[in-house]
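Coordinate inspection notes
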Amino acid sequence: MRDAIYSKAASFFGCLGGLFISVFGKSPRKPTVEDLKRAEFKISTQRLGIRFTEKIRDVFRFRWLRKV
């Protein structure tokens, strides 16, 4: 009986705390220019250590040029 009362009280206060935090909690901060620069990376196959043969380049070259 005593555990049921504590369980209901804990559930009520947990729900109340969740509502309180959802209303008055901090919103996530917006990304800054520095954050976006840090997240952006230039794709370079040489930098990644991948080598493409000329045959593979000839097959994909048209698709690469078309998307740019």
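Check the entry above for the structure.
Criteria and thresholds
- Residues numbered from 1 in each chain as written.
- Predicted model: local features only at pLDDT ≥ 70, side-chain atom pairs only at ≥ 80, totals over all residues.
- Heavy atoms only, no water.
- Phe/Tyr/Trp six-rings, centres within 6.5 Å; stacked < 30°, edge-to-face > 60°.
- Buried < 20%, exposed > 50% of the residue type's maximum accessible area, 1.4 Å probe, protein only.
- Helix = DSSP H or I, 4+ residues; strand = E, 2+ residues; numbered from the N terminus.
- Patch = residues over 30% accessible without salt bridge, like charges linked within 9 Å, V, L, I, M, F, W, Y side chains within 5 Å.
- Areas by Shrake-Rupley, 256 points an atom, 1.4 Å probe, with all protein chains shown as cover.
- Salt bridge = Lys/Arg side-chain N within 4 Å of Asp/Glu carboxyl O.

Considerations on the packing of aromatic side chains
Taken as a whole and assessed by the stated rule, the structure comprises two aromatic pairs. Relative to Phe 13, the ring of Phe 12 has its centre 5.4 Å away and its plane inclined at 65°; by these criteria the two rings are edge-to-face. Take Phe 13: its relative accessible area is 55%, and that puts it in the exposed class. With centroids separated by 5.0 Å and ring planes inclined at 50°, the aromatic side chains of Phe 20 and Phe 24 adopt a geometry described as tilted. Here Phe 20 pairs with Phe 24, and both are found in helix H1 (residues 2-24), just four residues apart, close to one helical turn. Here the two residues Phe 20 and Phe 24 agree in accessibility, since each one is exposed.

Considerations on a nonpolar patch on the surface
Taken together, the side chains of Phe 20, Ile 21, Val 23 and Phe 24 present a nonpolar region at the surface, about 490 Å² in accessible area. Relative to the assigned elements, Ile 21 resides in helix H1. The exposed category is assigned to Ile 21, whose relative accessible area is 58%.

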